[in-house]
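# Examination of the molecular architecture
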Amino acid sequence: MNPAPRSEQHPAPSRRPELQPLRTNDTKAVLTGMALWAVALVVLLVVPPAGAASWWAWTCVAGLAGGVFGLWYVRRRDRDAPAIPPDEQPIEPSTAVPPASG
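Criteria and cut-off values
Each chain carries its own residue numbering, running from 1 in the direction its sequence is written. Thresholds applied to this predicted model are a pLDDT of at least 70 for local features of residues and 80 or more for the giving and counting of side-chain atom pairs; totals over whole chains, interfaces and linings are not thresholded and use all residues. Hydrogens are left out, water is left out, and the side-chain values use all remaining heavy atoms of the structure. Aromatic rings from Phe, Tyr and Trp, with only the six-membered ring used for Trp, were paired whenever their centres fell within 6.5 Å, and each pair was classed as stacked if the ring planes differed by under 30 degrees, edge-to-face if by over 60, and tilted otherwise. Numbered from the N terminus, helices here are DSSP runs of H or I no shorter than four residues, and strands are runs of E no shorter than two. What makes a salt bridge here is a side-chain nitrogen of Lys or Arg within 4 Å of a carboxyl oxygen of Asp or Glu, nothing more. Here the term buried applies to any residue with accessible area under 20% of the maximum for its type, exposed to any over 50%, and partly exposed to those in between, with areas from a 1.4 Å probe on protein chains only. Expected helix span is computed as 1.5 Å times (number of residues minus one). In what follows, residue pairs with any heavy atoms lying within 4.5 Å of each other are defined as contacts.

Under the criterion given, the structure shown has three aromatic pairs. Centroid distance F69 to W72: 5.6 Å. Interplanar angle 40 degrees. Geometry classified as tilted. Separated by three residues within a single helix, F69 and W72 lie in helix α3 (residues 55-80), roughly one turn from each other. In textbook terms, an aromatic cluster arises when at least three aromatic residues are bridged by ring pairs, as seen for F69, W72 and Y73.

Structure (structure tokens):
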């Protein structure tokens, strides 16, 4: 007497659809970060730190430079990405807010 195959004993659970990455506005995120670095730089230039903490201002400059690179990279990536037809847009997870009907 052979036992039943494992698949008959415990059926496989139904497979969930693959989650797609959420669509984000990366340009807005980079610009927000750059604005925060710029505000920090202005504050440090108006109220300079005491002692040998002048490197803080250079940290803000480096953050702005990184933001410029990030902005260039994100815009180039979006420009070179293949266009997805509207009927093949990725399906968002069920917890995502549905798009507004226009």
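Moving on, we get to the pattern of salt bridges. Tallied over the entire structure, the rule returns three salt bridges. D80 is the partner of R79 in a salt bridge, and the nearest nitrogen-oxygen pair spans 3.3 Å. Each member of the pair, R79 together with D80, is exposed. Because the salt bridges share partners, they merge into one network encompassing D26, R77 and D78.

A word on the side chain of T27. Following the sequence through the fold, T27 ends up in helix α2 (residues 26-46). On the accessibility criterion, T27 (17% relative accessible area) is buried.

Our focus in this paragraph is the environment of A35. Looking at the element boundaries, A35 is found in helix α2. Classification of A35 by relative accessible area gives partly exposed; the value is 40%. Separated by 29 residues in sequence, A35 and L64 place their C-alpha atoms 8.4 Å apart.

Here we take up α3. For α3, spanning 26 residues, the distance from its first C-alpha to its last is 37 Å, which sits close to the expected 38 Å at 1.5 Å a residue. All of the buried residues along α3 are A57, C60, G63, G67, G70, L71 and V74. Buried-residue contacts for α3 involve α2.

What follows covers the environment of C60. Position of C60 relative to the elements: it lies in helix α3. Taking the C-alpha atoms as reference points, C60 and A40, separated by 20 residues in sequence, lie 6.7 Å from one another. Beyond its immediate stretch of four places on either side in the chain, C60 contacts W37, A40, L41 and L44.

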